[in-house]
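Breakdown of the fold
For reference, the chains in residue letters:
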Amino acid sequence: MIWLCFTLVLSFTSVISDQNIDSSHIRVFPGKDQSVAGVFQVSDLNYLNQPQYSYNASDARSLCLSLGVNIASKAQVQEALTRGLETCRYGWIDEHLAVVPRFKAIPNCGQNKTGLVTWRVDVTKKLDVFCFDESEATAQLKDATTDSPSDRTDFSGHTQSSSRAASSSPTSHSTSSSILSSSSSTPTIDYRAEPAPFVGSSQSSAGAKAILITSTCGLFLIAIIILAFIKLRRSRAVSTDIKQTEEYIQTVEWTSEEKTEKTEEAAQEDERMEDERMEDERMEDERMEDERIEDERIEVEENAS
C-alpha cells in the first residue's frame, strides 16, 4: 500500500512538472496572450534561440495539454486564418495533419500556396504545433461582438482582400510577417513573438487539482507511515512485555529450583546429622556396655578371691 501511494505521488509529481514548461525553450506565436481566435503556434528553440522543428504528432498533443490547452483542429486554424493568422512554419493539428496558414504565396512558405496549406506527413515527422485556448477564443469572440458594424465591415473587407490573390497587398501585419519569413531559406516564425509560456485558465485548474491530489496522497502516505510506526512500536512493546514475562517465569523457575535444591540439601544434612547422632548414641551404648561388663568381671574376680 505504501509503495502504491509512493508511485501515485511520483506520477502526480511528473504531471505537475509537465505543467511547468521552461519558457526559455519555447516560442509562442503571435505572442503571449495574443492568440488569434484562440489559436497560437508553439515552436521549440535551439541553443542559438532559433526556432526548430521538434515535435511529432504525439509530442504536439502532449505539449498543448501541458500548457493547459488542447491541440487545435483544422476548423479552428481555418477560423484563425480568416481572422488574420499567418505563419511560415508547419504545425501539427488534431487531425494528424501538418498545416500552415498563408495569405500571400511565397516559394519558401507553404509550397507557394495560399489559404490553409495542408501537408499529410508521417506522424513521426517533427514540426511545430498549433494549440487552441477555448477561454481566450470565447473572450475574443465576445470582444468582436461589441465592435461597431463599421469596424466589423472593415475587418471583413480586409480579410477578403488579403486572401483574394497572391499578388494583392496584404495587411500591415501580414506584410511584416511575410518579410520576416522570407528572410531565410528555411521557414521561420515571426520574431516578434515572445518566448513565454502560454497559460490558460484550464492549466491553473489542472495544476491546482494535481497539487491537491498530490497533497492528499502525501498526507495519506504520511498517515500510513505514522500508523506503521505506531504498530511497530506496539509490536516492540508487546515483544518486550513477552520477553520480560518469559524472563520473570525463568527467574521464578530458577528460584524454585534453587529453593528445591536447598531444601534437598537441608534434608540431606539433617539426615546426615541424624545418622551421626544415632552412631554416637550406639557407640556410647557400646562403651557403657563394655564398662558394665568390665565392672562385672572385676566384681567376680574380687568375689572369687
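Residues numbered from 1 in each chain as written. Predicted model: local features only at pLDDT ≥ 70, side-chain atom pairs only at ≥ 80, totals over all residues. Heavy atoms only, no water.

The protein carries the name Link domain-containing protein in an unreviewed UniProt entry, which gives Champsocephalus gunnari as its organism. Listed under Subcellular location (unreviewed entry) in UniProt, the entry text for the protein is "Membrane". (UniProt positions renumbered as here; feature names shortened; annotations may be inferred.)

1. Thoughts on the state of the cysteines
Using the criterion set out here, one finds 2 disulfides in the structure. Residue pairing for C64: its cysteine sulfur links by disulfide to C131, the two sulfurs lying 2.0 Å apart. Measuring handedness by torsion sign, the sulfur bridge of C64 and C131 sits at about -85° and is left-handed. With C64 in helix α2 (residues 57-66) and C131 in strand β8 (residues 128-132), this residue pair connects regions lying 67 residues apart in the sequence. Disulfide partner of C88: C109, at an S-S distance of 1.6 Å. On the sign convention where negative is left-handed, the bridge of C88 and C109, at about -85° about the S-S bond, is left-handed. Placement of the pair is C88 in the loop between α3 (74-82) and β5 (91-92) and C109 in the loop between β6 (98-102) and β7 (115-119), with a sequence separation of 21 residues. (Disulfide = S-S within 2.5 Å. Helix = DSSP H or I, 4+ residues; strand = E, 2+ residues; numbered from the N terminus.)

2. Looking at a nonpolar patch on the surface
A cluster of nonpolar residues, L219, I222, I226, L227, F229 and I230, forms a patch on the protein surface that exposes about 600 Å² of accessible area. Topologically, L227 is positioned in helix α7 (residues 201-304). For L227, a relative accessible area of 58% gives the class exposed. (Patch = residues over 30% accessible without salt bridge, like charges linked within 9 Å, V, L, I, M, F, W, Y side chains within 5 Å. Areas by Shrake-Rupley, 256 points an atom, 1.4 Å probe, with all protein chains shown as cover. Salt bridge = Lys/Arg side-chain N within 4 Å of Asp/Glu carboxyl O. Buried < 20%, exposed > 50% of the residue type's maximum accessible area, 1.4 Å probe, protein only.)

3. Structural notes on unusual backbone geometry
Of the consecutive residues F29 and P30, the connecting peptide bond is found in the cis state with omega at 10°. Look at N112: it is not a glycine, yet its phi comes out positive at around 65°. Assignment of secondary structure puts N112 in the loop between β6 and β7.

4. Side note on a negative patch on the surface
Negative charge collects at one region of the surface, where E253, E257, E261, E264 and E265 lie side by side. Tracing the chain through its elements places E265 in helix α7. Looking at E265, the relative accessible area reads 51%, which means it is exposed. (Lys, Arg positive; Asp, Glu negative; His and termini not counted. Charge placed at Lys NZ, Arg CZ, Asp CG, Glu CD.)

5. What about α3?
Residues three or four positions apart in an α-helix share a direction because the helix packs 3.6 residues into each turn. Of the residues making up α3, those classed as buried are V77, A80 and L81. In a view along the axis of α3, the buried residues occupy a sector of 105°, so they form one face of it. Looking at the buried side of α3, the elements it contacts are β2 (39-45), β6, β7 and β8. Of the residues flanking the end of α3, it is G84, one or two places downstream, whose phi is positive at about 115°. (Arc of directions from axis to C-beta. Contact = heavy atoms within 4.5 Å.)

6. A word on the nonpolar core
Within the largest apolar cluster, 21 residues are counted, with the highest numbers of intra-cluster contacts made by F40, V42, L67, W92, V129 and C131. For this core, the elements supplying multiple residues, two or more each, are β1 (26-29), β2, α2, β6 and β8. When residues in this core are grouped by element, the largest group, 4 residues, is from α2. Apart from the residues lying within four places of it in its own chain, the contact partners of V129 are F40, Q41, V42, Y55, A60, L63, C64, I71, G91 and W92. If you look at the next biggest cluster of nonpolar residues, it comprises 17 residues, including V36, A37, V39 and A80. (Core = buried A, V, L, I, M, F, W, Y, C linked by side-chain atoms within 4.5 Å.)

7. With respect to the pairing of β6
The buried count for β6 comes to 5 of 5 residues, which makes it a mostly enclosed element. Burial of the side chains of β6 extends over both faces: A98, V100 and R102 are buried on one face and V99 and P101 on the other. In the sheet, β5 pairs with β6 via 2 bridges, with the strands oriented antiparallel. Paired with G91 across the bridge in β6 is V99. Once β5 ends, the chain turns through 5 residues before running back antiparallel as β6, passing H96 with a positive phi of about 60°. Summarising the sheet, β6 and β7 pair through 5 bridges and their orientation is antiparallel. Residue pairing in the sheet places A98 in a bridge with W119 of β7. (Pairing = 2+ DSSP bridges.)

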